[in-house]
Amino acid sequence: MAPHFGTPTQQDIWRTVRAMNDAWTQGNPDDLVNFFHPNMVAITATDRLRRLGQAECLAGWKGFAQAATIHHWTETEPLIQVYGESAVVSYYFDMAFTMGGQRIEMGGRDLFFFVREQGRWWAVADQYSAYPG
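Scope of this entry: the structure provided in the associated data block. The structure presented is a predicted model; accordingly, all values stated were derived computationally and were not measured.

With that settled, the discussion passes to the overall build of the protein. When its secondary structure is counted, the protein shows two helices and six strands. The linear arrangement of helices and strands in the protein, starting from the amino end, is α-β-β-α-β-β-β-β. Relative to its length of 133 residues, the protein is compact, with a C-alpha radius of gyration of 14 Å against a globular reference of 14 Å. Each of the 133 residues in the protein was classed as buried or not, and the buried ones make up 39%. Put simply, the protein shows about 7600 Å² of open surface, and 52% of that area lies on carbon and sulfur atoms. Across the protein, the 10 positively charged side chains and the 14 negatively charged ones have centroids separated by 3 Å.

As structure tokens, then:
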């Protein structure tokens, strides 16, 4: 069942999140250029240092998508908080993938910060992690 949001702005942001996640989980990570802001920053679970800028962020998501066979990806319990031309989006995720011959099933949390520029929502910051052990 698709989540319901109270405002058209929240619905628009969620469509952006879904399209963005579909891009990298369904074999089109290059399409993330349409969602990642040129000045995006990301804190990831596998990089010691932050990824800074669209190119570094694209490389990270693309590298994972090319190294893994993604079997499923699901977002749950999304929360979208809008602040004028910016928004914070958080949700939980569940995924399964094969990497290096090993099937991995994991869940975690994702926290995005979006800005609206020229009528589009752009991811400017992301931090995600697996659930704590």
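Let us keep going from here.
Our focus in this paragraph is the pattern of salt bridges. With the rule as written, the count across this model stands at seven salt bridges. Across the salt bridge formed by Arg-18 and Glu-75, the nearest N and O atoms sit 2.7 Å from each other. Taken as a pair, Arg-18 in helix H1 (residues 8-25) and Glu-75 in strand S3 (residues 68-83) lie far apart in primary sequence, 57 residues in all. Among the residues examined, Arg-18 registers a relative accessible area of 26% and is labelled partly exposed.

Moving on, we get to the pairing of strand S4 (residues 86-99). As paired elements, S3 and S4 share 13 bridges and run antiparallel to each other. Within the sheet, the bridge partner assigned to Leu-79 lies in S4 and is Ser-90. In sequence, S3 turns back onto S4 through a hairpin of two residues, with Gly-84 there showing a positive phi of about 65°. Two strands pair when backbone bridges link them, and S4 and strand S5 (residues 102-117) are joined in this way by 14 bridges, in the antiparallel orientation. Looking at the pairing, Asp-94 lines up with Gly-107 of S5. Linking S4 to S5, which pair antiparallel, is a turn of two residues; within it Gly-100 sits at a positive phi near 60°.

Reading the values: rules and limits
- Residues numbered from 1 in each chain as written.
- Predicted model: local features only at pLDDT ≥ 70, side-chain atom pairs only at ≥ 80, totals over all residues.
- Heavy atoms only, no water.
- Helix = DSSP H or I, 4+ residues; strand = E, 2+ residues; numbered from the N terminus.
- Rg over C-alpha atoms; globule rule 2.2 N^0.38 Å.
- Buried < 20%, exposed > 50% of the residue type's maximum accessible area, 1.4 Å probe, protein only.
- Areas by Shrake-Rupley, 256 points an atom, 1.4 Å probe, with all protein chains shown as cover.
- Lys, Arg positive; Asp, Glu negative; His and termini not counted.
- Charge placed at Lys NZ, Arg CZ, Asp CG, Glu CD.
- Salt bridge = Lys/Arg side-chain N within 4 Å of Asp/Glu carboxyl O.
- Pairing = 2+ DSSP bridges.

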